[in-house]
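A look at the structure
One-letter residues, chain by chain:
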Amino acid sequence: MKSVDIVIVGGGPAGLAAAVAAKEAGNDSILILERDNELGGILNQCIHNGFGLHTFKEELTGPEYAYRFIKQVLDLGIEYKLHTMVMDIAPDKTVTAMNREDGMFQIKAKAVILAMGCRERPRGALNIPGYRPAGIFSAGTAQRLVNIEGYMPGREVVILGSGDIGLIMARRMTLEGAKVKVVAELLPYSGGLKRNIVQCLDDYGIPLKLSHTVVDIEGKEHVTAVTIAEVGPDRKPIPGTEERYTCDTLLLSCGLIPENELSRSAGVKMSPVTSGPIVNESLETNIPGVFACGNVLHVHDLVDYVSEEAKRAGQNAVKYINDGCKDADTSDVIDIVATEGARYTVPTTINVDRMDDLLTVRFRVGDVYKNSFVSVYFDDERIMHNQKRIMAPGEMEQVILRKSQLQEHKGLKKITVKIEAE
Ligand SMILES: Cc1cc2nc3c(=O)[nH]c(=O)nc-3n(C[C@H](O)[C@H](O)[C@H](O)COP(=O)(O)OP(=O)(O)OC[C@H]3O[C@@H](n4cnc5c(N)ncnc54)[C@H](O)[C@@H]3O)c2cc1C
């Protein structure tokens, strides 16, 4: 069986940034395994601009952003295999994969970095009534058809869900000559970035109907019309509020789910909130030497944060190997708890000795908050209280913890992140 120090599962932005960081940290035995026919992940189909503002201080398209990292992987001579599907990761870090040239093969790794990204929530999970005619696509599938395969899914479009992909596709379909009639969102707020609502809907006069859902899809062979209705606080349709739109296409943009079948079967403990692995300050899961980063860990809003996080996963994997592949010491661990408006945090535990001088704790809120405060408590003492003009579930939030600050609080057991009105 071949041995490699670090196996990276997934060659999207997370896997690429982790590989580059691991190589730059001094490790020469890295292998990226990617099931697709090219590196770059989901960014290859995101031909709109808006990527990389934080990382490169310029607006790039998805493929341009990905290429900056692909080029580094090529220049640094990092090994990768395309068309290679990882089938299994054993707790001892034996990775089983398959491709046409090698058939089924196994690799023994010292560290594994999970970077499998996420997938779209399918229609089956959404309970929409009606037949199952042609013309219903997930927004990401439509994006791939239009941007990579060169097909138009339809001409008259209704979109359910206001996640970023749905918003981006509302603009894309419009630019390709389709009429996007409405975007319906079940929740009373959009799940997407504010900038995408402005640039993709408002700029093109596409209405966004919050607290609305699809109640009927007409057409047996192909979609012919979609009816939406307003929902009450219980998210049930309100009779009498139905609006019918003739259309040939319904796009679904109803959320993303981290792709963690491999992680689960390896025995990685998962967060019920993020559907991603539970990790410590080093982005290490409960299995020593198995790290996670990018959308497989939690769904990110901006790819810049994916790259930043993945860099740390790569560096920490090298550190783990250089330190002799020891199990993480769990005796002096501080728990990070999200409560009162904060839905989760990544990471969920900190060992102060192992943390860098600065640690970014990312989280999302569960509702829209205006002029509220992000508060951080060390046990019962409030040590951070930052006012934010607006916070919404579609945008990630963060607090930065200093190592020196934590070292001053000897015996600290719990850090709490919450949202306070004053
Ligand atoms: C439609 C869309 C629009 C977006 N727009 C923006 C934007 O405007 N600005 C912005 O900053 N961000 C945007 N994002 C977010 C950004 O693209 C993601 O945050 C980023 O791509 C996540 O990187 P990743 O590497 O974690 O996942 P991915 O890019 O999904 O990469 C994961 C890779 O893992 C591979 N993989 C999965 N399972 C296996 C397996 N078992 N074996 C081998 N390989 C495997 C996949 O094939 C894939 O290549 C958008 C995302 C989407 C989906």
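Structure shown above.
What counts, and where the lines are drawn
- Residues numbered from 1 in each chain as written.
- Predicted model: local features only at pLDDT ≥ 70, side-chain atom pairs only at ≥ 80, totals over all residues.
- Heavy atoms only, no water.
- Helix = DSSP H or I, 4+ residues; strand = E, 2+ residues; numbered from the N terminus.
- Rg over C-alpha atoms; globule rule 2.2 N^0.38 Å.
- Buried < 20%, exposed > 50% of the residue type's maximum accessible area, 1.4 Å probe, protein only.
- Contact = heavy atoms within 4.5 Å.
- Lys, Arg positive; Asp, Glu negative; His and termini not counted.
- Charge placed at Lys NZ, Arg CZ, Asp CG, Glu CD.
- Expected span 1.5 Å × (residues − 1).
- Pairing = 2+ DSSP bridges.
- Axes fitted to C-alpha atoms, helices over the stretch in contact; angles between N-to-C directions.
- Left-handed = near helix turned anticlockwise from the far one by under 90°.
- Nonpolar A, V, L, I, M, F, W, Y, C, P; charged D, E, K, R; others polar.
- Core = buried A, V, L, I, M, F, W, Y, C linked by side-chain atoms within 4.5 Å.
- Parallel < 35°, antiparallel > 145°, perpendicular 65-115°, else oblique.
- Right-handed = clockwise from strand over helix to strand, strands pointing away.
- Salt bridge = Lys/Arg side-chain N within 4 Å of Asp/Glu carboxyl O.
- Phe/Tyr/Trp six-rings, centres within 6.5 Å; stacked < 30°, edge-to-face > 60°.
- Lys NZ or Arg CZ within 6 Å of the ring centre and 35° of its normal.
- Near = heavy atom within 4 Å.
- Polar contact = N/O pair within 3.5 Å; in protein donor to acceptor, adjacent residues only side chain to side chain.
- Areas by Shrake-Rupley, 256 points an atom, 1.4 Å probe, with all protein chains shown as cover.
- Domains from an automatic or database assignment.

**Some points on the overall build of the protein**
Per the secondary structure count, the protein includes eight helices and 27 strands. Here the protein has a C-alpha radius of gyration of 22 Å; the compact-globule value for 422 residues is 22 Å, and the two agree. Dimensions of the protein, computed from C-alpha atoms along their principal axes, come out at roughly 65 × 60 × 40 Å. Every one of the 422 residues in the protein was classed for burial, and the buried ones make up 53%. Taking the contacts inside the protein whose residues are at least 6 apart along the sequence as the reference set, 62% of them involve residues at least 24 apart. Across the protein, the 48 positively charged side chains and the 57 negatively charged ones have centroids separated by 1 Å.

**Digging into helix H7 (residues 303-322)**
Between its first and last C-alpha, H7 extends 29 Å over 20 residues, near the 28 Å set by a 1.5 Å rise per residue. In terms of burial, H7 is a largely internal element, 15 of the 20 residues being buried. Where H7 terminates, the next one or two residues include Gly324, which has phi positive at roughly 90°.

**Looking at the sheet that holds strand S16 (residues 243-246)**
Hydrogen bonding along the main chain pairs the strands of a sheet, whether they run parallel or antiparallel. Strand order in this open sheet of three strands is S14-S15-S16, and the pairing throughout is antiparallel. Strand pairing shows two members of the sheet lacking a second neighbour, strand S14 (212-218) and S16, which therefore form its edges. Each neighbouring strand pair of the sheet contributes to a mean axis angle of 25°, computed without reference to strand direction. Where strand S15 (residues 225-230) meets S16, four bridges bridge the pair, whose relative direction is antiparallel. Within S16, the residue paired with Ala225 across the bridge is Thr246.

**A look at the packing of helix H3 (residues 139-149) against helix H4 (residues 164-175)**
For the pair H3 and H4, the least separation of the axes is 9 Å and the interaxial angle reads 35°. Pair H3 / H4 crosses with left-handed handedness. Seen from H3, the contacting residues are Ala139, Gly140, Ala142, Gln143, Val146 and Asn147; seen from H4, they are Ile165, Gly166, Ile168, Met169, Arg172 and Met173. Here the contact of H3 with H4 is built from residues that sort into seven nonpolar, four polar and one charged.

**Structural notes on the nonpolar core**
Judged by nonpolar contacts, the single largest core of 63 residues is most densely connected at Ile6, Ile8, Ile113 and Leu114. The leading source of residues in this core is H7, at eight residues. Beyond its immediate sequence surroundings of up to four residues, Ile8 is in contact with Gly15, Ala18, Ala19, Ile30, Leu31, Ile32, Leu33, Ile113 and Ala115.

**What about the packing of helix H1 (residues 13-24) against H7?**
Running from amino to carboxyl end, H1 crosses H7 at an angle of 40°, the nearest separation of the two axes being 7 Å. Judged on the interaxial angle alone, H7 and H1 are oblique. Of the two elements, H1 crosses H7, and the hand of that crossing is right-handed. Residues Pro13, Ala14, Ala17, Ala18, Ala21 and Ala22 of H1 form the contact with H7, whose participating residues are Val303, Val306, Ser307, Ala310, Lys311, Gly314, Gln315 and Val318. Taken together, the residues that form the contact of H1 with H7 break down as ten nonpolar, three polar and one charged.

**Regarding helix H2 (residues 62-75)**
For H2, with 14 residues, the first-to-last C-alpha span of 20 Å sits near the 20 Å given by 1.5 Å per residue. On its buried side, H2 packs onto H1, strand S2 (30-33), strand S3 (49-51), strand S4 (60-61), strand S5 (79-81) and H7.

**Structural notes on the pairing of strand S11 (residues 156-160)**
Walk down a regular strand and you will see the side chains alternate between the two sheet faces. Along S11, four of the five residues are buried, which leaves the element largely enclosed by surrounding structure. Here S11 runs beside strand S12 (residues 179-184); their pairing, made up of five bridges, is parallel. In the strand pairing of S12, Ile159 is matched with Val183. One crossover worth recording links S11 to the parallel S12 by way of H4, and it is right-handed. Relative to strand S17 (residues 249-252), S11 is paired through four bridges, and the arrangement is parallel. Across the sheet, Ile159 pairs through a bridge with Leu251, a residue of S17.

**With respect to the pattern of salt bridges**
The full count for this structure, using the stated rule, is 19 salt bridges. Here Glu259 makes a salt bridge to Arg35, at a shortest N to O gap of 3.1 Å. With Glu259 in the loop between strand S18 (256-258) and helix H6 (261-266) and Arg35 in the loop between S2 and S3, this residue pair connects regions lying 224 residues apart in the sequence. Judged by relative accessible area, Glu259 falls into the buried class, the value being 14%. Classification of Arg35 as partly exposed rests on a relative accessible area of 45%.

**What to know about the packing of aromatic side chains**
This structure, assessed with the given rule, holds four aromatic pairs. The interplanar angle of 40° and the centroid separation of 5.4 Å between the aromatic rings of Tyr65 and Phe69 together place this pair among those described as tilted. On the criterion of helical spacing, the pair formed by Tyr65 and Phe69 is a turn pair, its members being four residues apart in helix H2. Phe69 gets classed as buried once you look at its relative accessible area, which sits at 8%. Looking at Arg68, its charged tip hangs above the ring of Phe56, at a distance of 4.8 Å from the centre.

**Section: the site of the ligand**
As a matter of local geometry, the ligand sits amid 30 residues, with Ala14, Glu34, Gln143, Asn295 and Val303 nearest to it. Backbone polar atom of Pro13 to an oxygen atom of the ligand: 3.2 Å apart, as the coordinates give it. A distance of 2.9 Å separates an oxygen atom of the ligand from a polar side-chain atom of His48. Bound to the protein, the ligand loses 95% of the 1000 Å² it would expose on its own. Looking at the shell around the ligand, the elements that each hand over two or more residues are H1, S3, strand S6 (85-89) and H7. Residues that form the shell around the ligand fall into these classes: 16 nonpolar, ten polar and four charged. Two domains share the shell around the ligand, each providing at least three of its residues, namely domain 1 (1-120 + 256-328) and domain 2 (122-254).

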